[in-house]
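Per-entry structural report
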Amino acid sequence: MTPQPNPQVGAAVKAADRAHVFHSWSAQELIDPLAVAGAEGSYFWDYEGNRYLDFTSGLVYTNIGYQHPKVVAAIQEQAATMTTFAPAFAVEARSEAARLIAERTPGDLDKIFFTNGGADAVEHATRMARLHTGRPKVLAAYRSYHGGTQQAINLTGDPRRWASDTGTAGVVHFWAPYLYRSRFYAETERQECERALQHLEDTIVFEGAQTVAAIILETVPGTAGIMIPPPGYLAGVRALCDKYGIVFVLDEVMAGFGRTGEWFAADLFDVTPDLMTFAKGVNSGYVPLGGVAISGEIAETFAKRPYPGGLTYSGHPLACAAAVATLNVMADEGVVDHAANLGAQVIEPGLRALAERHPSVGEVRGVGMFWALELVKNRETREPLVPYNATGEANAPMAAFGAAAKKHGLWPFINMNRTHVVPPCNITETEAKEGLAALDAALSVADEHT
Ligand code: PMP
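Since the structure is predicted, the reported quantities are computational estimates derived from the model, not experimental observations. (Residues numbered from 1 in each chain as written. Predicted model: local features only at pLDDT ≥ 70, side-chain atom pairs only at ≥ 80, totals over all residues.)

Concerning the overall build of the chain
For clarity, the threshold we go by: We count a stretch as a helix when DSSP gives it H or I for four or more residues in a row; a strand needs E for two or more, and each element gets its number in order from the N terminus. Between the two quantities, the radius of gyration covers C-alpha atoms and the globule rule is 2.2 Å times the number of residues to the power 0.38. Whether a residue is buried, exposed or partly exposed follows from its count of other C-beta atoms within 10 Å of its own C-beta, namely 20 or more, 12 or fewer, or something in between, respectively; the C-beta atoms are built from the backbone. What counts as a contact here is a pair of residues whose C-beta atoms, placed from the backbone, lie within 7 Å.
A tally of helices and strands in the chain yields 14 helices and 16 strands. Its C-alpha radius of gyration of 22 Å places the chain within 12% of the 22 Å reference for a compact globule of 450 residues. Judged by the C-alpha coordinates and their principal axes, the chain covers about 60 × 60 × 45 Å. Out of the 450 residues in the chain, the part that is buried amounts to 49%. Within the chain, residue pairs in contact and separated by at least 24 positions form 74% of the contacts whose partners lie at least 6 positions apart.

Set out below in structure tokens:
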């Protein structure tokens, strides 16, 4: 329901926020958070009555949009019957959520360890891998984001790691494929794939395979730029893990639950990891939930020996009830196929048409409801529209692009020199076209900086 404009309440909400809320990843006095009055489906409203089409899905998690009535009702019903119960007990919402998730995950990833979100899923996946192998190190990609807790931020490759990096022994970074800015001087996907795999094998061998517990990769790196891995890469990583007895962890926190037009991005590449982390889309983020899907072999390690880890709210009934309802909505409403089809038939051609018209668009890449436009000063040299990790004045062209999008009623996802097109997976064709038209207008502003 569209909320009534109420600037006075908006001002009070904003004032309390500014006085007391300490925001993530931010210089507290340099930010200006929008006060949000309400949200429904693919839209949200501020207190002035402005409506925004959310091309960010929150933080890429509202895969079925805001306020889906069936999920809201399921949460209300769970709250009325059993709001909470400790993790050591068998609880209907929890066991049903685990069953439904295990049914969708690839291969024999049939046991589910629940967490509160993505970062703690990564913490536990790497802990399981170390305990399972008895080895200390985890290899992770430079262009990656795995979460904000200590282990997850150390594994993360993007610059958010720097300030918190403890230089922990046990984390080694490597380069994953990214043909547009190839680290391997590759000109084709095939070269990029072969050379990236050779580089990874060299890293394993030179680190000492017997010291490597796990390789963790986002199946499709999200925050770092939605780089679809070339054909054969993930299968190649799987083969290296098998060759050297390494646990393969796929992080599907962002890419999972319909985002790529498959239930999991792993399905796109027909690859099964040993551990798979998830969060976000599992219940559209209505109540915090994440987890690790565990293979039979790793589950066996902890069959007779205790798993030394847990969380007070693991498998919280409200979050699990929201997951059950979300997974049922996704199946009943065909959300996954919708994401695949609308992505291929509307979003992709729409973005490619924008690239033709706007010199600031260097590359369009993605799949399903998971797309990135890489903005450049110069298409020939591929010089980014703003320098890597730019802030303040240096970031002005991207800030101008963002402001223009908002002026046209579109809330864009912006990271460095990219805008990601990551709307809810059930966005309608009309809404998608409305968003593309707003992007068209905003890109004209970006063009002024080429
Ligand atoms: N892994 C990936 C791939 C992510 O995208 C994110 C969040 N953006 C995380 C882990 C961390 O999840 P959370 O913020 O729920 O801890």
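On we go.
Considerations on the site of the ligand
Where we set the bar: To decide nearness, the C-beta atom of each residue is placed from the backbone, and the residue is near a molecule or strand if that atom lies within 6 Å of it. Put simply, Ala, Val, Leu, Ile, Met, Phe, Trp, Tyr, Cys and Pro go in the nonpolar bin, Asp, Glu, Lys and Arg in the charged bin, and everything else, Gly too, in the polar bin.
The ligand sits among 16 residues. The nearest are Gly 117, Gly 118, Ala 119, Gly 147 and Val 253. Here the element with the most residues in the shell around the ligand is helix H5 (residues 118–133); it accounts for three residues. Partitioned by chemical class, the residues of the shell around the ligand number seven nonpolar, seven polar and two charged.

Structural notes on the sheet that holds strand E2 (residues 43–46)
Two pairing modes exist for strands in a sheet, parallel and antiparallel, and in both the strands are linked by backbone hydrogen bonds. Convention followed: At least two DSSP bridges between two strands are required for those strands to pair.
Judged by pairing direction, the sheet is mixed, and its four strands sit side by side in the order E1-E2-E3-E14 without closing on themselves. Edge positions in the open sheet fall to strand E1 (36–40) and strand E14 (410–411), since each of these has one partner strand only. As judged from the two bridges shared by strand E3 (residues 51–54) and E14, these two strands associate in the parallel manner. Its bridge partner being in E14, Asp 54 is matched across the sheet by Trp 411.

Description of the environment of His 68
The residue His 68 is located in the loop between helix H2 (57–60) and helix H3 (69–81) in this model. Spatially, the C-alpha atom of His 68 lies 9.4 Å from that of Ser 284, the residues being 216 residues apart in sequence. In contact with His 68, other than residues within four places in its own chain, are Ser 284 and Val 329.

Quick notes on the environment of Leu 109
Relative to the helices and strands, Leu 109 is located in the loop between helix H4 (92–104) and strand E4 (111–115). C-beta crowding within 10 Å serves as the criterion here: with 26 such atoms nearby, Leu 109 is assigned to the buried category. Between the C-alpha atoms of Leu 109 and Ile 75, which are 34 residues apart in sequence, the distance is 27 Å.

What to know about the sheet that holds strand E8 (residues 247–251)
Worth spelling out the cut-off: Note on definitions: angles span 0 to 180 degrees between N-to-C directions of axes, and those axes are lines fitted to C-alpha atoms, for helices only across the stretch in contact.
An order of E4-E10-E9-E8-E7-E5-E6 is seen for the seven strands of this open sheet, with the pairing classed as mixed. With partners counted over all chains shown, the strands left at the sheet margins are E4 and strand E6 (171–174), one partner each. Direction aside, neighbouring strands of the sheet carry axes that sit 20° apart on average. Bridging between strand E7 (residues 212–218) and E8 involves five bridges; their strand directions are parallel. Among the inter-strand pairings, Leu 217 is bridged to a residue of E8, identified as Leu 250.

What about unusual backbone geometry?
At Ser 57, a residue that is not glycine, the phi angle is positive and equals roughly 50°. Phi at Asp 270 is positive, roughly 55°, even though this residue is not glycine. As for its position among the elements, Asp 270 is in the loop between helix H9 (265–269) and strand E9 (275–278). Looking at Asp 270, the number of C-beta atoms within 10 Å reads 10, which means it is exposed.

Structural notes on the domain arrangement of the chain
Rules: For every domain, the bounds stem from an assignment made automatically or drawn from a database.
Domain assignment breaks the chain into domain 1 (7–64 + 334–447) and domain 2 (69–332). Averaged C-alpha coordinates put domain 1 and domain 2 at centres separated by 25 Å. Broken down by secondary-structure element, the contributors of at least two residues to the side of domain 1 that touches domain 2 are H2, helix H12 (335–357), strand E11 (361–367), strand E12 (370–378) and strand E16 (418–421). Element by element, the count of residues in the side of domain 1 that touches domain 2 is highest for H12, at five residues. Residues that form the side of domain 1 that touches domain 2 fall into these classes: 14 nonpolar, nine polar and five charged.

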